[in-house]
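The chain contents come next:
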Amino acid sequence: MKTKKSIFKRLQHNPIVCVIILLLTVALYYQLPVTDDKFTVRVISVIDGDTVDVLSDNQRQRIRLAYIDAPEIGQPYGQRSKQTLIALVKNKMVNIRPLNQDNYQRTVAIIEVDSMNINREMVRLGMAWVYTHYNDDLLLLSLEAKAKVNKTGLWQQKNPIAPWIYRQSKK
């Protein structure tokens, strides 16, 4: 007569399933709200594919989209990235989930329109790289991988140059 092994005993001998469960757990953890300081504002201008200005309490505030880096305006897809962000957020009410401030005193944040995470949408559309040096959102990595495989947006180029490398070459 066979005895049934507990689920944990079976998983113990299947490292692939364990890794998948671990990755799903981590991904779910990072889906939780980052902060309770979320606020709603109107986007009044788009600077480039990863930076916008919003109007908050009659004050202009610059917001940098967290975890992503869009092509610079002078790079291939720089203008298209900006135009895509304009279509997604310009003159719309957005939710801002601030994470921190960068060296330029910009608020680094996740931007949402309705329930759409705009940071992720820019990567999904191939209009921005995952800024791996600063990234805490594991879903972004799979969105970027899918965009690369499908040759979406900037991934249509033969050898796209990441913005952080492009900026370094201009110094």
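Not measured: the values here are computed from a predicted model.

What follows is about the pairing of strand E2 (residues 51–56). E2 sits mainly inside the fold: five of its six residues count as buried. Here five bridges tie strand E1 (residues 39–48) to E2, and the two strands are oriented antiparallel to one another. Counted as the bridge partner of arginine 42 is leucine 55 from E2. The turn joining E1 and E2, which pair antiparallel and follow one another in sequence, is formed by two residues.

Taking 1.5 Å of rise per residue, the twelve residues of helix H5 (residues 138–149) would be expected to cover 16 Å, and the 18 Å separating its terminal C-alpha atoms lies within 8% of that figure. Inspection of H5 places Leu140, Leu143, Glu144 and Ala147 among the buried residues, and these make up the whole buried set. The arc that holds every buried residue of H5, seen down its axis, measures 100°, which confines them to one face. Along H5, the residues that are exposed and aim more than 90 degrees away from the buried face are Lys146 and Val149. In this structure, the buried residues of H5 make contact with strand E4 (68–69), helix H4 (118–124) and strand E8 (129–130).

We now examine the packing of aromatic side chains. Applying the stated criterion across every chain yields a total of four aromatic pairs. Taking 4.9 Å as the distance between ring centres and 80° as the angle between the ring planes, the aromatic pair formed by tyrosine 131 and tyrosine 134 counts as edge-to-face.

On to the nonpolar core, then. Ranked by size, the top nonpolar core spans 35 residues in total, and within it Val52, Leu85, Val89, Val94, Ile111, Ile118 and Met122 carry the most contacts. When residues no more than four places from it in sequence are discounted, the contact partners of isoleucine 111 are Val52, Ile63, Leu65, Val89, Val94, Asn95, Ile96, Met116, Asn117, Ile118 and Asn119.

Phi is positive for aspartate 57, close to 55°, though the residue is something other than glycine. Examined against the element boundaries, aspartate 57 turns out to sit in the loop between E2 and strand E3 (59–65). On the basis of relative accessibility, which here comes to 72%, the residue aspartate 57 falls in the exposed class. Located in the positive-phi region is tyrosine 77, a residue other than glycine, with phi close to 75°. If you trace the backbone, tyrosine 77 turns up in the loop between E4 and helix H3 (78–89).

Definitions and limits used
Residues numbered from 1 in each chain as written. Predicted model: local features only at pLDDT ≥ 70, side-chain atom pairs only at ≥ 80, totals over all residues. Heavy atoms only, no water. Buried < 20%, exposed > 50% of the residue type's maximum accessible area, 1.4 Å probe, protein only. Helix = DSSP H or I, 4+ residues; strand = E, 2+ residues; numbered from the N terminus. Pairing = 2+ DSSP bridges. Expected span 1.5 Å × (residues − 1). Arc of directions from axis to C-beta. Contact = heavy atoms within 4.5 Å. Phe/Tyr/Trp six-rings, centres within 6.5 Å; stacked < 30°, edge-to-face > 60°. Core = buried A, V, L, I, M, F, W, Y, C linked by side-chain atoms within 4.5 Å.

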